[in-house]
Amino acid sequence: SLPMAVVSPTCVEDIQALLKWAHHTRVPLVPFGGGSGVCGAVQLERESYVAVDLQQMKAIKEIQTESMIVTAEAGIFGGELENALNQKGLTLGHFPTSYEISTLGGWISTRASGQFSTAYGSIEDMVIALKAVLPNGDLFETKCVPRSATGPALRELFIGAEGTLGIITEATCQVHKFPTVRDYVAYGFEDLKQAL
């Protein structure tokens, strides 16, 4: 079913106002990143919902080359983020098959993994801090620390929650130095038996 409306916020305050309205009117919201998911997570089976398209929120707030972290808004596409990092000699190292057409917020919301996860980890290993707007419109922020020594890591509540606990607006992630050499190798087989 199609949403009754699509909203494209441009800032956190837009999302806060939208969530306050939805909380008051009881209209369901469905966050939407790149729309590359194949599991139907951005679809509701009821007719009256509003899709929240986050693609206008795509700013890179900061790249810290010494601390090796990047802070970006949730609607940035993976290819855009990776290109900006590459220009600084860095890489996020997160390459799901859809990385060119999927977003940072989508990766976090779905607990995405990529083709280099054995080297760099999955998205949950990269997220250091995040900001999200809760269903009542309040802004939730975690601290930018690499690891929590005591107590729960509250950012983990939002990683993989697919927008059910709030809408992720921004994330700070660990980055890595761009490798000096990259070799790509592909293997082809005539049939499944030969491949096995």
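In what follows, the structure referred to is the one given above.
All figures in this text were calculated on a predicted structure; none of them were measured in a lab.

Here we look at the overall build of the protein
Across its full length, the protein carries six helices and 10 strands. A globule of 196 residues ought to have a C-alpha radius of gyration of about 16 Å, and the protein, at 18 Å, matches this closely. Considering the protein as a whole, with its 196 residues, one finds that 40% of them fall into the buried category. Restricting the contact set of the protein to residue pairs at least 6 apart, pairs at least 24 apart contribute 59%. Accessible surface, the protein as shown: approximately 11400 Å² in total, 52% of it carbon and sulfur.

A few points about the side chain of T91
Structurally, T91 can be placed in strand 6 (residues 90–91). Under the relative-accessibility criterion, T91 is labelled buried at 0%. Looking at T91, its side chain comes within polar contact range of the side chain of E82, at 2.4 Å. Not counting residues within four places of it along the chain, the set of residues in contact with T91 comprises E82, L85, N86, Y120, V175, H176, K177, F178, P179 and R182.

Notes on the pattern of salt bridges
In total, this model carries five salt bridges according to the counting rule given. Across the salt bridge formed by R111 and E124, the nearest N and O atoms sit 4.0 Å from each other. Placement of R111 in the loop between helix 3 (104–110) and helix 4 (117–120) and of E124 in helix 5 (residues 123–126) is noted, with a sequence separation of 13 residues between them. On the accessibility criterion, E124 (23% relative accessible area) is partly exposed. Across the pair K131 and E141 runs a salt bridge whose closest N-O atoms are separated by 3.8 Å. With K131 in strand 7 (residues 127–133) and E141 in strand 8 (residues 139–141), this pair connects stretches of sequence that are 10 residues apart. The class of K131 is partly exposed, set by a relative accessible area of 25%.

A word on a nonpolar patch on the surface
On the surface, a nonpolar cluster with roughly 250 Å² of combined accessible area is contributed by L154, L157 and L165. Given a relative accessible area of 40%, L154 falls into the partly exposed group.

Here's the deal with the state of the cysteines
In this structure the tally under the stated criterion is zero disulfides. Among the cysteines around C144, which has no disulfide bond, C173 carries the closest sulfur, lying 9.7 Å off.

Rules of the game
Residues numbered from 1 in each chain as written. Predicted model: local features only at pLDDT ≥ 70, side-chain atom pairs only at ≥ 80, totals over all residues. Heavy atoms only, no water. Helix = DSSP H or I, 4+ residues; strand = E, 2+ residues; numbered from the N terminus. Rg over C-alpha atoms; globule rule 2.2 N^0.38 Å. Buried < 20%, exposed > 50% of the residue type's maximum accessible area, 1.4 Å probe, protein only. Contact = heavy atoms within 4.5 Å. Areas by Shrake-Rupley, 256 points an atom, 1.4 Å probe, with all protein chains shown as cover. Polar contact = N/O pair within 3.5 Å; in protein donor to acceptor, adjacent residues only side chain to side chain. Salt bridge = Lys/Arg side-chain N within 4 Å of Asp/Glu carboxyl O. Patch = residues over 30% accessible without salt bridge, like charges linked within 9 Å, V, L, I, M, F, W, Y side chains within 5 Å. Disulfide = S-S within 2.5 Å.

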